[in-house]
Amino acid sequence: MKLQSMQWLFLATALWLIPSTTADILPKKSVITGIEHLNNKNLLKKKAITKSALFGVSGGAAETPATTTEGASIPNEVFNLVKGIVGVGVLSLPAGVAAFGDARSAFIPAGILIVSIGILSAYGFALIGRVCAYTGAKSFREAWTATMGDKTSWIPAWTVTLKTFFACLAFSMVLADTFSSLLSTSRNPTLLGVTGLVLLPLCLLKNLKSLAPFSLLGVMGMAYTALAMSVRLLDGSYSAGGSGKFMEQVASHLQPKFGDAGASSVLSPQSLILVCMLSTAYMAHFNAPKFYLELKNNTIQRFNTVVTYGFGISIFLTGFITMIGFFTFGKACDGLVLNNYAGTDILMSLSRIAVAVSLVFSYPLAFTGCRDGFMDIAKIPMEKRSAGTLNVVTLALLGVITFCAITLTDVSFVLAFGGATLGNALTYVYPALMYRAVVKQQERTEEQMGVNVSLASAVLGIVMGIIGARMAILKTGGGH
């Protein structure tokens, strides 16, 4: 009873923290477009790449990227990149391993996949920065327009907007599961309450700068969650066979289940579900131009250093959390592994609270990007985005997301399907196409090998995406 009172107190505190919205629900220029325009005005002031610097290499065709003496240091960039990659989606990856294996040895090939997909994702991220350096582009869409042409710029615009829609959908599903577990209430009414009382006022805010300090909660929450999961694995509280002290309070379908489908089970097509989920797990590519532009002395070499360390740390953390979750519950891993833990487990309840707070204050950032992305696609001019228009679009879009979150219950399906389709395009295909185009345009013949590697990565991404999307749908089987 004491625990439940504390959880209700947390919800009341979250509501209290929400700033007054009466003066904030006004027309505004986008704070985050979700496609590419974060802090664009300041970036334009900081980094003007002149034409005279673009054609200085022998042969007269290759560009020499300009650099800036202002901006973020490499450690700051690495921290922000890790913060952007390692999020709540990592807690769904144990289910990706469970999709093809039920013995702990299944994590061996899973770990190899985590590292391999992470490296490929890092390569795509680095390519986007290189394209920005060669063309002077300041956003993902600008990079596409400069290399592929303006007529097809709607393709990445739709892709990124839909990707942010999937992100908001996953956030709503996780919040539904987390709050219903914390408050011991039914899932769908809880989601409706959280959406109406918490998410809607935040999504209607005029200025999201006040939410920036809460972004650190995501890092702290994931660090605590990894520690708590490790403790529960080592202390045997959820030991298979019912010997763990919390086992009686866990539903039978969520209790640990292990079999003999080990390392060789990765040969099953079901393993592509994990591959596609990983495409979402490492997704930060539409922000690659922002990271390149904000880096102090942003040479390609320094940017690659940021990518190496940022993705390296993210790969380690992703692999570690996935391993702990799968080693604890095996085949029974839920789409959100926190659902496997007992509601009376205080250690994990604190983790749920940390995740919930992090998501609540991260949600408006993703939602604003999704909303503004749809309005950009609809070609609604900024001056016509009145308070009434913004409020109507916000209500309608949040309603659609909430309806989808009520209809779907397996967040791992959303991540796998979104990764197979949109994630693979943004991670492997688009960077390769842009890089190939800029190399051809600027006659950078010495980089043809890199083009070949990127195109091979794109083909691999397409094949994995087609098979992975099919596997995700088959795994759902209409049951979710």
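Quick caveat, the model's predicted, so the values are computed rather than measured.

(A) Quick look at the overall build of the chain. A tally of helices and strands in the chain yields 16 helices and 0 strands. Long-range contacts, defined here as pairs at least 24 residues apart, represent 84% of the contacts in the chain between residues at least 6 apart. Counting every atom, the chain has about 19600 Å² of accessible surface; 66% of that belongs to carbon and sulfur.

(B) Broad picture of helix 5 (residues 107-135). Relative to the 42 Å expected for 29 residues at 1.5 Å per residue, helix 5 spans 42 Å between its end C-alpha atoms, a close match to the ideal helical length. Of all 29 residues in helix 5, 21 are buried; the element is thus mostly enclosed. Positive phi appears at Gly136, one or two residues downstream of helix 5, with a value of about 80 degrees.

(C) Representation of unusual backbone geometry within the structure. The phi dihedral of Lys379 is positive, around 60 degrees, even though this residue is not glycine. Relative to the helices and strands, Lys379 is located in the loop between helix 13 (346-377) and helix 14 (387-407). Unlike most non-glycine residues, Glu443 shows phi in positive territory, near 55 degrees. For Glu443, the location among the structural elements is in the loop between helix 15 (411-441) and helix 16 (448-476).

(D) Quick look at the pattern of salt bridges. Taken as a whole and judged by the stated rule, the model has 8 salt bridges. Put simply, Arg130 and Glu447 hold a salt bridge, and the shortest N to O gap is 3.9 Å. With a gap of 317 residues between them, Arg130 in helix 5 and Glu447 in the loop between helix 15 and helix 16 connect regions that are remote in the sequence. When its relative accessible area of 21% is taken as the criterion, Arg130 is described as partly exposed. The salt bridge partner of Arg232 is Asp345, with a shortest N-O separation of 2.8 Å. Of this pair, Arg232 sits in helix 9 (residues 215-235) while Asp345 sits in the loop between helix 12 (300-329) and helix 13, and the two are 113 residues apart along the sequence. Relative accessible area serves as the criterion here: at 9%, Arg232 is assigned to the buried category. On the accessibility criterion, Asp345 (0% relative accessible area) is buried. In this structure, a network of salt bridges that share partners links the residues Arg130, Arg444 and Glu447.

(E) Geometry of the packing of aromatic side chains. Taken as a whole and assessed by the stated rule, the structure comprises 18 aromatic pairs. When the centroid spacing of 6.1 Å and the interplanar angle of 80 degrees are considered together, the rings of Trp158 and Phe374 count as edge-to-face. Within this pair, whereas Trp158 is found in helix 7 (residues 154-183), its partner Phe374 is found in helix 13, the two being separated by 216 residues in sequence. The exposure class assigned to Phe374 is partly exposed, which follows from its relative accessible area of 24%. Aromatic side chains Tyr292 and Phe303 sit 5.7 Å apart centroid to centroid with 85 degrees between the ring planes, which places their arrangement in the edge-to-face category. Taken together, the residues Tyr292 in helix 11 (residues 288-294) and Phe303 in helix 12 connect sequence positions 11 residues apart. When its relative accessible area of 1% is taken as the criterion, Tyr292 is described as buried. Taking the relative accessible area as the measure of exposure, Phe303 reaches 1% and is therefore buried. Of the aromatic side chains, those joined through ring pairs into one cluster are Phe125, Tyr282, Phe291, Tyr292, Phe303 and Phe311. When the ring centre of Phe291 is taken as origin, the NZ or CZ atom of Lys290, which lies over that ring, is 5.5 Å away.

(F) Main features of the nonpolar core. Counting residues in hydrophobic clusters, the biggest one holds 133 residues, and the most contacted among them are Leu91, Phe125 and Tyr363. Sorting elements by how many residues they give to this core places helix 15 first, with 16 residues. Those residues within four positions of Tyr363 in sequence are excluded, and the remaining contacts are Cys168, Phe171, Ser172, Leu175, Leu199, Cys203, Leu398 and Ile401.

(G) Looking closely at helix 15. Given a rise of 1.5 Å per residue, 31 residues ought to cover 45 Å, and the 42 Å separating the end C-alpha atoms of helix 15 matches this to within 8%. The axis of helix 15 is deflected most strongly, by about 50 degrees, at Gly419. Burial runs high along helix 15: 25 of the 31 residues are buried. Just downstream of helix 15, Glu443 is the residue with a positive phi angle, here 55 degrees.

(H) Highlighting the environment of Lys257. Along the chain, the position of Lys257 falls in the loop between helix 9 and helix 10 (271-281). Assessed through its relative accessible area of 37%, Lys257 is described here as partly exposed. Here Lys257 is in contact with Asp102, Ser252, Phe329, Gly330, Lys331 and Ala332, once residues within four sequence places are set aside.

Criteria and cut-off values
Residues numbered from 1 in each chain as written. Predicted model: local features only at pLDDT ≥ 70, side-chain atom pairs only at ≥ 80, totals over all residues. Heavy atoms only, no water. Helix = DSSP H or I, 4+ residues; strand = E, 2+ residues; numbered from the N terminus. Contact = heavy atoms within 4.5 Å. Areas by Shrake-Rupley, 256 points an atom, 1.4 Å probe, with all protein chains shown as cover. Expected span 1.5 Å × (residues − 1). Buried < 20%, exposed > 50% of the residue type's maximum accessible area, 1.4 Å probe, protein only. Salt bridge = Lys/Arg side-chain N within 4 Å of Asp/Glu carboxyl O. Phe/Tyr/Trp six-rings, centres within 6.5 Å; stacked < 30°, edge-to-face > 60°. Lys NZ or Arg CZ within 6 Å of the ring centre and 35° of its normal. Core = buried A, V, L, I, M, F, W, Y, C linked by side-chain atoms within 4.5 Å. Bend = angle between axes of the 7 residues up to and from the residue.

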